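Okay, here's what each chain looks like letter by letter:
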Amino acid sequence: MSRAILLAILALFGVFVYLISFEGMIVWPLMAPIVLLVALYYVTTSLVTRRMLEKARGESDFFSCRASLVSKDGTSLTPGAMAVTRNEIVFYARKGPKGGVRPAWSCFVPEIEGYTLKKVDDWHNGIILSLSGENQEVKIASRQIAKEEDRFREALDWPEE
């Protein structure tokens, strides 16, 4: 389905570019379907809602925020959402265009030595979790986590600093 949406965006954009070459042609109404198709593509490939997380976890008592998991080499982002409880942190990614989520990464809270809120790559702010072991770091891009740091610490059951 996502390929069909991308092809429709490409086709409409091609028609837009072709028609704009004619003088006096009103082509701006073509932008509305293009924008709607881009939004539909985002919803079917990236969006993970709180309701999806509750269904996957079977509970509703957790802190969640939209986020993207940064790959180990820092070259790609996996869009999704992060669920935080007193016991664990789980990052969920979208399973498919019809919905559903799958856990893409998780760790237990005792494994976390600390965290830092800062830029996780050249463009994105987020959180860097320092895990015990071989100096492992996990980078999660999220603008929302910095705004809700108090709720994040409360969900982990960590005292305020």
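Rules and cut-offs
In every chain, residue numbers begin from 1 and rise along the written sequence. A pLDDT threshold of at least 70 governs which residues receive local features in this predicted model, and a stricter bar of 80 or more applies before side-chain atom pairs are shown or counted, although totals over entire chains, interfaces and linings include all residues. To get the side-chain values, take all heavy atoms of the structure and skip hydrogens and water. Buried means the residue's accessible area, taken with a 1.4 Å probe over protein chains only, is under 20% of the maximum for its type, while exposed means over 50%, and partly exposed covers the values in between. Secondary structure elements are defined from DSSP: runs of H or I of at least 4 residues count as helices, runs of E of at least 2 residues count as strands, and each element is numbered from the N terminus. The arc in question is the one spanned by the directions pointing from the helix axis to the C-beta atoms. Every residue pair with non-hydrogen atoms within 4.5 Å of one another is taken to be in contact. pLDDT expresses, on a scale from 0 to 100, how confident the predictor is about each individual residue.

Asker: I'd like to hear about helix H5 (residues 149-156), residue by residue, with values.
Answerer: Those residues of H5 that sit buried are Phe-152, Arg-153, Ala-155 and Leu-156. The arc that holds the buried residues of H5, viewed along the axis, is 160°, so those residues lie on one side. Exposed residues on H5 whose side chains face more than 90 degrees from its buried face are Asp-150 and Glu-154. Among the structural elements, strand E1 (63-70), strand E2 (77-84), strand E3 (88-94), strand E5 (112-119), strand E6 (125-131) and helix H4 (144-147) are those in contact with the buried residues of H5. Of the residues trailing H5, Asp-157 is marked for its positive phi of about 65°.

Asker: Tell me what's going on with the confidence of the model for the protein chain, and back it up with residues and numbers.
Answerer: Chain-level statistics for the protein chain give a pLDDT mean of 88 and a share of 99% at 70 or above. Model confidence for the protein chain, summarised as mean pLDDT per element, is weakest for H5 at 88 and strongest for E3 at 93.

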